[in-house]
2 protein chains.
Amino acid sequence: MTTIKDVAQKAGVTVTTVSRILNNRGYISDATRQKVHAVMEELNYQPNEIARSLYRRKSNLIGLIIPTVAHPFFSELSSYIEYYAYEAGYKILLCNSHLDKVKEKEYLDMLKRNKVDGIIMGSHTLEVDDYINPKLPIVTFDRCISNDIPYISSDNFQGGKLATSLLIERGCKKIAHISGNLNLSLLANKRYEAFIAEVNNRNVEHVTVQTEINVFDSKQYEKLIHRLFEEHPDIDGVFSSSDNMAANVIKVCYRLNKNIPADVKIIGYDDTMVASLLVPQLTTIRQPIEEMGRLAIELIIKQINQEEVEKKNILPVKLIERETT
Amino acid sequence: MTTIKDVAQKAGVTVTTVSRILNNRGYISDATRQKVHAVMEELNYQPNEIARSLYRRKSNLIGLIIPTVAHPFFSELSSYIEYYAYEAGYKILLCNSHLDKVKEKEYLDMLKRNKVDGIIMGSHTLEVDDYINPKLPIVTFDRCISNDIPYISSDNFQGGKLATSLLIERGCKKIAHISGNLNLSLLANKRYEAFIAEVNNRNVEHVTVQTEINVFDSKQYEKLIHRLFEEHPDIDGVFSSSDNMAANVIKVCYRLNKNIPADVKIIGYDDTMVASLLVPQLTTIRQPIEEMGRLAIELIIKQINQEEVEKKNILPVKLIERETT
DNA sequence: TTGTAGGCGTTATCAC
DNA sequence: GTGATAACGCCTACAA
């Protein structure tokens, strides 16, 4: 490995001078500057960022913990997060927790040991203390962990309301809601709350099911949905808490020879790529994924710079009506 | 930040002793060991991995450069890569190049400056020199950069052949192939070659189109496919080089009132999640994504350990026949 | 069994 | 303008 020493030696100066040139500090004669630059070029010198990080006590690393990047929502979100991080001079350490408490804690510790400058949590099953001890810039998605930790979320209640009332307006008489795990105290649960509120308010028959996020087990989902339709053959509207799940609903309806949207109307959530890839194209609630990613980086960086940040960041959602309603 | 010094001081020993305990080296009396452990616990001490990396000249970091993690194939691949990396004690630095030459070079340099122990390239538009200088463990996907750099690929020729001959056997008389950018000299181009070979061999009429990978521009794809069917209304078979693209073909067929598989048969490539999420479920060529991810990590680690590795790693593909053929 | 000291590659504070 | 030197936090010969 070629270091600053090698450059200094070959250029006939000391490391101080090379370092100065590297960082554009202090006065340097044009002659030496040229020479040193030439040598750096020749030796193909690249400053060691690890040494820099150690000295500066700043790694320019941001840890990203999500359930799994294989899920379309998180994969799109990650792509934006990485994009904006890179623009701001930060790098992303990717961690897939699979919503496993143990793994999540391990990742959290690992990130701390690696002195990341901040952590973005898209997955959280742990207790508050694990996050804030010691104080480290954090932003979470979809969960209010404590009053100190800023969180980003889209307007889940509004989303749930929009979805439910659309189905009702389209004439659905018995609506099913398929939610994620409601015990995780995620803000996403507000979709459920909104559903219940709306359906009760308008006096519409309804039924709900919970599932775990497990991208890879599509078969499992199908079974669940199949059973749902068996037990309630008169369901004519489904509000699914993710586009992927909604895709499974479409599949099952197709098998059951239920026409969409004539017999059953379906609405998803997220507006990931799959939504517009499906046939029929999925009506869904769009979360502003890019904006969420951008904001996550902004909030982390502001915290790094000791600036005050808004704790509660609720972004607007939007109903995207396509062909399933 | 609490360092090894703080621990040493509070425990009434020197840093050496603490370091020894941390690394399980040399003889330590039970008394001091207990005491030091207690103090570490109390101070919530975590060794600084940056300092360790500097000393050991090993970061346990692996750089992952891909076009974009928002693409289902790379998102699934990344998820496996991260999984196996973590198992082996490595961390993943995520880089989305968007197939931009400049960005790719910047990422490459960034990774070198950050002293990653290896690089996994799922995106490569650069010249050989940029990669091998200096010598750093690398593995690439789907591209043979030089004889020194190991690469992983699935059996693209076989995949192309399987796909094409299936369509022919199912009675297609005029087959379209939608490929990626053939100028990138990716091994994926062998799918194209196999297609041409097979179709010529069996004397079947055919037509081909190239596209850029751009996940987000589904509309663009639709237009392209639409035009294809306009110019060649008699196409009755489509071999698409990705599942996503195939999904767009399904969509367009649906619009054009072409029945699948009666009027048009479609086969995709990759077997990403979307393939089984679609209606009708997509017939496709499965790449062993998990195995590719696992192997990438294995090859990197072997190189890190100075072991010899196989340069050419071609994994088998498998025809997954579903409902579109 | 434990301590001292030097070094990993870089930057900043003083001198000259 | 440029050069010693100490420090960032950790690890390991070599001593004791």
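Provided above is the structure to which this section pertains.
Notes on the structure in this doc start here. Numbers given for residues are sequential positions, taken from 1 along each chain in its written order. As they are written, the chains are lettered A onward and the ligands numbered 1 onward, keeping that order. Residues qualify for local features only when their pLDDT is at least 70, as the model is predicted, and side-chain atom pairs are given and counted only at 80 or more; totals for whole chains, interfaces and linings, by contrast, use all residues. Hydrogens and water molecules were not included; the side-chain quantities draw on all heavy atoms of the structure.

### Regarding the sheet that holds strand 11 (residues 312–315) of chain B
- In spatial order, the strands read 11(A)-5(A)-4(A)-3(A)-1(A)-2(A)-2(B)-1(B)-3(B)-4(B)-5(B)-11(B); together these twelve strands make up an open sheet with mixed pairing. Each edge of the open sheet carries a strand with a single partner, namely strand 11 (312–315) of chain A together with strand 11 of chain B. Taken pair by pair, the neighbouring strands of this sheet meet at an average axis angle of 20 degrees, ignoring direction.
- Two strands pair when backbone bridges link them, and strand 1 (residues 61–66) of chain B and strand 2 (residues 91–96) of chain B are joined in this way by six bridges, in the parallel orientation. Across the sheet, the residue bridging to B:Leu64 is B:Leu94, located in strand 2 of chain B. We call two strands paired when DSSP finds no fewer than two bridges between them. Each helix is a run of DSSP H or I of at least 4 residues and each strand a run of E of at least 2, with the numbering of both proceeding from the N terminus. Axis definition: a line fitted to C-alpha atoms, limited for helices to the stretch in contact. Angles are taken between N-to-C directions and run from 0 to 180 degrees.

### Quick notes on the packing of helix 5 (residues 72–87) of chain A against helix 13 (residues 289–304) of chain A
Residues and elements named next belong to chain A.
- Taken N-terminus to C-terminus, the directions of helix 5 and helix 13 make an angle of 45 degrees; their axes are 8 Å apart at the nearest point. Considering the angle they form, helix 5 stands oblique to helix 13. For the pair helix 5 and helix 13, the crossing hand works out as right-handed. Along the contact surface, helix 5 presents Phe73, Glu76, Leu77, Tyr80, Ile81, Tyr84 and Ala85, while helix 13 presents Ile289, Glu290, Met292, Gly293, Arg294 and Ile297. Any angle that is under 35 degrees is reported as roughly parallel, and any over 145 degrees as roughly antiparallel; angles of 65 to 115 degrees are reported as roughly perpendicular and all others as oblique. Crossing handedness follows the turn of the near helix against the far one: under a right angle anticlockwise gives a left-handed crossing, and clockwise gives a right-handed one. Residues count as neighbours in contact if any of their non-hydrogen atoms are within 4.5 Å of one another.

### Side note on helix 11 (residues 243–255) of chain A
All names here are of chain A.
- The span one expects for a helix is its residue count, reduced by one, times 1.5 Å. Taking 1.5 Å as the rise per residue, helix 11 with 13 residues should run 18 Å; its terminal C-alpha atoms sit 19 Å apart, in good agreement.
- Burial here depends on accessible area, computed with a 1.4 Å probe over protein chains only, as a share of the maximum for the residue type. Under 20% is buried, over 50% is exposed, and the range in between is partly exposed. Taking burial as the measure, the 13 residues of helix 11 include eleven buried ones, the bulk of the element.
- Looking only at helix 11, the buried set comprises Asp243, Asn244, Met245, Ala246, Ala247, Asn248, Val249, Ile250, Lys251, Val252 and Cys253.
- Of the residues one or two after helix 11, asparagine 257 is the one with positive phi, at around 60 degrees.

### Topic: helix 6 (residues 101–113) of chain A
All names here are of chain A.
- Helix length check: helix 6, at 13 residues, gives a terminal C-alpha distance of 18 Å against a target of 18 Å (1.5 Å per residue), a fit within 8%.
- What helix 6 keeps buried is the set Lys103, Glu104, Tyr107, Leu108, Asp109, Met110, Leu111 and Lys112.
- By the criterion applied in these results, polar contacts are pairs of N or O atoms within 3.5 Å in which, for protein atoms, one can donate a hydrogen and the other can accept it, and in which residues neighboring in sequence qualify only through two side-chain atoms. Of the residues flanking the start of helix 6, the one acting as N-cap is aspartate 100, its side-chain oxygen 2.8 Å from the backbone nitrogen of valine 102.
- With its phi angle positive at about 55 degrees, lysine 115 sits one or two positions after the end of helix 6.

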